[in-house]
Amino acid sequence: MTSVLFVCLGNICRSPTAEGVFREFARAEGLIDDIAIDSAGTGAWHVGEPPDQRAQAAAASRGYDLSAQRARQVDPADFARHDLILAMDRTNFDDLCALCPPGMQDRIRLFLSFAPGAEIEEVPDPYYGAGDGFQRVLDLVEDASRGLLEHLRAS
Ligand code: 4NP
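If you're wondering where the values come from, they're calculated on a predicted model, not measured in any experiment. Sequence order as written defines the numbering, with residues in each chain counted from 1. Local features in this predicted model are restricted to residues of pLDDT 70 or higher, and side-chain atom pairs are both shown and tallied only at a pLDDT of 80 or more, whereas totals for entire chains, interfaces and linings draw on every residue. With hydrogens and water excluded, all non-hydrogen atoms of the structure serve as input to the side-chain values.

(A) Quick peek at the overall build of the protein chain. Here a helix means four or more residues in a row that DSSP labels H or I, a strand means two or more in a row labelled E, and each is numbered from the N terminus. Helix and strand counts for the protein chain come out as five helices and four strands. Secondary structure elements of the protein chain, listed N to C terminal, follow the sequence β-α-β-α-α-β-α-β-α. Along the first, second and third principal axes, the C-alpha atoms of the protein chain reach 40 × 35 × 30 Å. Between buried and exposed lies partly exposed: a residue is buried under 20% and exposed over 50% of the maximum accessible area for its type, with that area taken using a 1.4 Å probe on protein chains only. Looking at the protein chain residue by residue over its 155 residues, the buried ones come to 49%. Contacts were defined at the residue level, with two residues in contact if any of their heavy atoms lie within 4.5 Å. Residue pairs at least 24 apart in sequence account for 73% of intrachain contacts in the protein chain once pairs closer than 6 positions are excluded. On the protein chain, roughly 7,400 Å² of surface is accessible, and the fraction owed to carbon and sulfur atoms is 50%. When the 14 basic and 25 acidic side-chain charges of the protein chain are each reduced to a single mean position, those positions are 2 Å apart. Throughout, the Shrake-Rupley method with a 1.4 Å probe supplies accessible areas, and for residues the shown protein chains are the sole cover considered. Within this scheme the basic residues Lys and Arg register as positive and the acidic residues Asp and Glu register as negative, but His and the chain ends are omitted. Where a charge lies is defined by one atom per residue type: Lys uses NZ, Arg uses CZ, Asp uses CG and Glu uses CD.

(B) The packing of aromatic side chains, seen in detail. Stacked, tilted and edge-to-face pairs are distinguished by plane angle, under 30 degrees for stacked and over 60 for edge-to-face with tilted covering the rest, among Phe, Tyr and Trp rings (Trp via its six-membered ring) whose centres lie within 6.5 Å. Under the definition given, this model contains three aromatic pairs. Measuring from ring centre to ring centre gives 5.0 Å for F6 and F111, while their planes differ by 70°; the resulting arrangement is edge-to-face. In this pair, F6 is assigned in strand β1 (residues 2-8) and F111 in the loop between β4 (108-110) and α5 (133-154), connecting sequence segments 105 residues apart. Like F6, the residue F111 is buried in the burial classification. Geometrically, the ring pair formed by Y127 and Y128 is edge-to-face, given 4.8 Å between the ring centres and 85° between the ring planes. In this structure Y127 comes out as partly exposed when scored by relative accessible area, which is 27%.

(C) Spotlight on helix α1 (residues 14-28). Here α1 contains 15 residues, and its C-alpha end-to-end distance of 21 Å stays within 8% of the 21 Å for a straight helix at 1.5 Å per residue. Judged by how many residues are buried, α1 sits mostly within the fold: 11 of 15 residues are covered. Burial in α1 covers these residues: R14, S15, P16, T17, A18, E19, G20, V21, F22, F25 and A26. Where α1 is buried, its residues contact β1, β2 (35-41), α2 (53-60), α4 (90-99) and α5. The span one expects for a helix is its residue count, reduced by one, times 1.5 Å.

(D) Structural detail: the packing of α1 against α5. With axes taken as lines fitted to C-alpha atoms, and helix axes fitted only over the stretch in contact, angles between N-to-C directions fall between 0 and 180 degrees. Across the interface, α1 lies against α5 with an axial gap of 9 Å and an inter-helix angle of 50°. Our classification of the angle between α1 and α5 gives oblique. Taken as a pair, α1 and α5 cross one another with a handedness that is right-handed. Counted together, R14, T17, A18, V21, F22, F25 and A26 of α1 and V137, L138, V141, E142, S145, R146, L148, L149 and L152 of α5 form the full contact between these two elements. For this classification, the nonpolar set comprises Ala, Val, Leu, Ile, Met, Phe, Trp, Tyr, Cys and Pro, the charged set comprises Asp, Glu, Lys and Arg, and every other residue, Gly included, is treated as polar. A per-class count over the contact of α1 with α5 returns 11 nonpolar, two polar and three charged. Roughly parallel means an angle under 35 degrees; roughly antiparallel means over 145; roughly perpendicular covers 65 to 115; every other angle is labelled oblique. Working rule for handedness: look at the near helix, and if it is turned counterclockwise from the far one by less than a right angle, call the crossing left-handed; if clockwise, right-handed.

(E) Spotlight on the site of the ligand. Taken together, the residues surrounding the ligand are C8, L9, G10, N11, I12, C13, R14, H46, D125, Y127 and Y128. Note that an oxygen atom of the ligand is positioned 3.0 Å from one of the backbone N or O atoms of I12. One nitrogen or oxygen atom from the side chain of R14 is found 2.8 Å from an oxygen atom belonging to the ligand. Here the shell around the ligand is composed, by residue class, of six nonpolar, three polar and two charged. Throughout this document, a residue counts as near a molecule or strand when at least one of its heavy atoms sits within 4 Å of that molecule or strand. The term polar contact refers here to a pair of N or O atoms within 3.5 Å; inside protein, the definition further demands a hydrogen-donor-capable atom paired with an acceptor-capable atom, and it admits residues adjacent in sequence only when both atoms are side-chain atoms.

(F) Summary view of the nonpolar core. Formed by 36 residues in total, the largest nonpolar core has its most connected members in V4, F6, F22, I35, L86, F111 and L148. Contributing elements (two or more residues each) for this core: β1, α1, β2, α2, β3 (84-87) and α5. Element by element, the count of residues in this core is highest for α5, at nine residues. Setting aside residues no more than four positions away along its own chain, L86 makes contact with V4, L5, F6, V7, R109, F111, F114 and L148. Only buried residues count toward a nonpolar core, which is a set of Ala, Val, Leu, Ile, Met, Phe, Trp, Tyr and Cys residues joined through side-chain atoms within 4.5 Å.

Here you go:
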């Protein structure tokens, strides 16, 4: 079983979106029993909360249900538990590297490094922005999820 963890700052916008989208992709490809999928935040402000209503509404507009998810903070045990720890932006990446036990840093990647032909390397934080930021997050997350699934299938 391969295990992937999606990580952003609050675990209420980008990483729950990635978890929900990637879960659907894995299900559609018949791989849902072969890949463990989870998400977490580097920050603790929203622990226990469901995803942001705007993230849930944007995801629902494309058929993804995020409503059962609850935010949690990254735990040091996550580094041993997951094969890939996928950061939404550089700050998340750097924060994860600072928390990571020695010898496990190669598990941490920028999620968009799996997006074929992506012109940017970070999923922009939509929390304080206009509503269409959540659709942009979905576009990027769907691209990278496709690439991630290809990567896992090949390895
Ligand atoms: P996320 O978005 O990291 O994609 O979940 C944010 C959610 C909450 C905050 C910042 C970003 N916040 O400052 O509370």
